[in-house]
Amino acid sequence: NTTGIQSNVPFDYPDYFYYRDHTRSFDGLLAFDGDPLEAIWNREGTGPTIHEQLVSGNFFSLLGVRTDLGRAFTPSDDQPDSSRPVIVLSQAFWKLQFGADPGVVGRTLVLNGTAFTVIGVAPRDFAGLLIGMEPDFWAPLATQEIFTRDKTRSTDRNGFWLIVSGRLRRGVSQKQAQAELTLIGRQVDQLHPDALNHMD
């Protein structure tokens, strides 16, 4: 794996944060929604449907992906109380809809009735981690309710809608990492005995 990102595992939203905050075997754990979502772009009286993907605030940085314009997300962008939601556009969408205008950074797009600020444009050769899925834009996980209208998704411990990947810390073997993940899984089971275990 040339990116250093390890195999994908399905997670629910709360457990992702627990694993992310307690693992020491990885430089970081990123997460993204494996199912494409649609958003209504409220544009000049029309409402075209465009496609997006929800990703964690460390998604681009952990992958080592630098934006061609502006910046990528930071963990502070991925907070549920963010008063100014942001998005990163794909290169193809930027060229098609904005004529490759570098002034797109800082513009506001109204998506599903909510104003999002464009903070960056992804590089030409980056379309995410799923083959066959090329989003028009990426949005932080914390904005999921705006797109799914699902108030329970962020708290449901039995809804495995996230795909989680990690970059192994230098000097740590896959066997050591798996042992640590198993231990963390037991901690989660003890804390939430009624929840399903995503590792089963």
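Please refer to the structure higher up on the page.
Chemist: Explain the nonpolar core here, please?
Modeler: One broad rule of soluble globular proteins: the nonpolar side chains tend to lie buried together. Ranked by internal contacts, the top residues of the largest apolar core, which has 38 residues, are Y16, I87, L89, L109, L111, F137 and F147. When neighbours within four sequence positions are excluded, L109 is seen to be in contact with W41, I87, L89, F93, F98, T114, A115, F116 and V118. Among the nonpolar cores identified, the runner-up in size contains 17 residues, and V55, L62, A122 and I163 belong to it.

Chemist: Just to check I follow, could you spell out the environment of S154 for this structure?
Modeler: Here S154 shows up in the loop between helix 4 (144-148) and strand 10 (162-168). Exposure remark for S154: the relative accessible area of 25% places this residue in the partly exposed category. Considering only alpha carbons, one finds S154 and P14, 140 residues apart in sequence, at a separation of 6.8 Å. If near-sequence neighbours (up to four positions away) are discounted, S154 is found in contact with Y13, P14 and Q144.

Chemist: Is there a simple way to think about helix 1 (residues 13-22) in this case?
Modeler: Every α-helix winds through 3.6 residues per turn, so residues three or four apart in the chain are directed the same way. Y13, P14, D15, Y16, F17 and Y19 are the residues of helix 1 that are buried. Capping the start of helix 1 is the job of one residue whose side-chain oxygen sits 2.8 Å from the backbone nitrogen of D15: D12.

Chemist: Quick question: what am I supposed to make of the pairing of strand 7 (residues 108-111) here?
Modeler: In summary, the side chains of a regular strand alternate between the two faces of the sheet. Here strand 7 shows a clear split, with L109 and L111 buried on one side and none of T108 and V110 buried on the other. The hairpin formed by strand 7 and strand 8 (residues 114-121) contains two residues between the paired strands, and N112 there has a positive phi angle of roughly 50 degrees.

Chemist: What is the right way to read the side chain of R167 from this model?
Modeler: Within the secondary structure layout, R167 lies in strand 10. D27 is the oppositely charged side chain nearest to the buried, salt-bridge-free R167, at an N-O distance of 5.2 Å. Side-chain polar atoms of R167 contact the backbone oxygen of L62, separated by 2.5 Å.

Chemist: Just checking my understanding: could you explain the pairing of strand 6 (residues 86-89) for this structure?
Modeler: Side-chain alternation along strand 6 places V86 and V88 on one buried face and I87 and L89 on a second face that is also buried. Relative to strand 8, strand 6 is paired through four bridges, and the arrangement is parallel. By the bridge assignment, V88 is partnered in strand 8 with G120. Relative to strand 9 (residues 137-140), strand 6 runs antiparallel, the two sharing two bridges. Residue pairing for strand 9: V88 is matched across the bridge by W138.

Chemist: How should the packing of aromatic side chains be read in this particular structure?
Modeler: To describe a pair of aromatic rings, you give the distance between the ring centres and the angle between the ring planes. According to the stated counting rule, one finds 16 aromatic pairs in the structure shown. Between F137 and F147, the ring centres sit 6.0 Å apart and the planes meet at 50 degrees, which makes this aromatic pair tilted. You can see F137 sitting in strand 9 and its partner F147 sitting in helix 4, a full 10 residues away along the chain. Among the aromatic residues, ring-to-ring pairing joins F32, F59, F60, F73, F126 and W138 into one connected group. Directly above the aromatic system of W161 lies the positively charged group of R153, at a separation of 3.8 Å from the ring centroid.

Chemist: Got a minute to help me understand the packing of helix 1 against helix 5 (residues 174-191) in this structure?
Modeler: Any two packed helices are characterised by the angle at which their axes cross and by the distance between the axes. The geometry of helix 1 relative to helix 5 is characterised by a closest axis approach of 11 Å and an angle of 130 degrees between their N-to-C directions. Viewed along their axes, helix 1 and helix 5 adopt a mutual orientation that is oblique. In terms of crossing hand, the pair formed by helix 1 and helix 5 is right-handed. When helix 1 is examined against helix 5, the residues D15, Y18, Y19 and H22 are found in contact with a partner set consisting of E180, L181, I184, G185, Q187, V188 and L191. Split by residue class, the contact of helix 1 with helix 5 holds six nonpolar, three polar and two charged.

Chemist: Which parts of the structure should I look at to understand the pattern of salt bridges?
Modeler: Pairing between side chains becomes possible if they bear opposite charge and their charged atoms approach one another. Under the counting rule described, the total for this entry stands at five salt bridges. Between E145 and K151 there is a salt bridge, and its shortest N-O distance comes to 3.0 Å. What makes K151 exposed here is its relative accessible area of 65%.

Conventions we followed
Residues numbered from 1 in each chain as written. Predicted model: local features only at pLDDT ≥ 70, side-chain atom pairs only at ≥ 80, totals over all residues. Heavy atoms only, no water. Core = buried A, V, L, I, M, F, W, Y, C linked by side-chain atoms within 4.5 Å. Buried < 20%, exposed > 50% of the residue type's maximum accessible area, 1.4 Å probe, protein only. Contact = heavy atoms within 4.5 Å. Helix = DSSP H or I, 4+ residues; strand = E, 2+ residues; numbered from the N terminus. Polar contact = N/O pair within 3.5 Å; in protein donor to acceptor, adjacent residues only side chain to side chain. Pairing = 2+ DSSP bridges. Lys, Arg positive; Asp, Glu negative; His and termini not counted. Salt bridge = Lys/Arg side-chain N within 4 Å of Asp/Glu carboxyl O. Phe/Tyr/Trp six-rings, centres within 6.5 Å; stacked < 30°, edge-to-face > 60°. Lys NZ or Arg CZ within 6 Å of the ring centre and 35° of its normal. Axes fitted to C-alpha atoms, helices over the stretch in contact; angles between N-to-C directions. Parallel < 35°, antiparallel > 145°, perpendicular 65-115°, else oblique. Left-handed = near helix turned anticlockwise from the far one by under 90°. Nonpolar A, V, L, I, M, F, W, Y, C, P; charged D, E, K, R; others polar.

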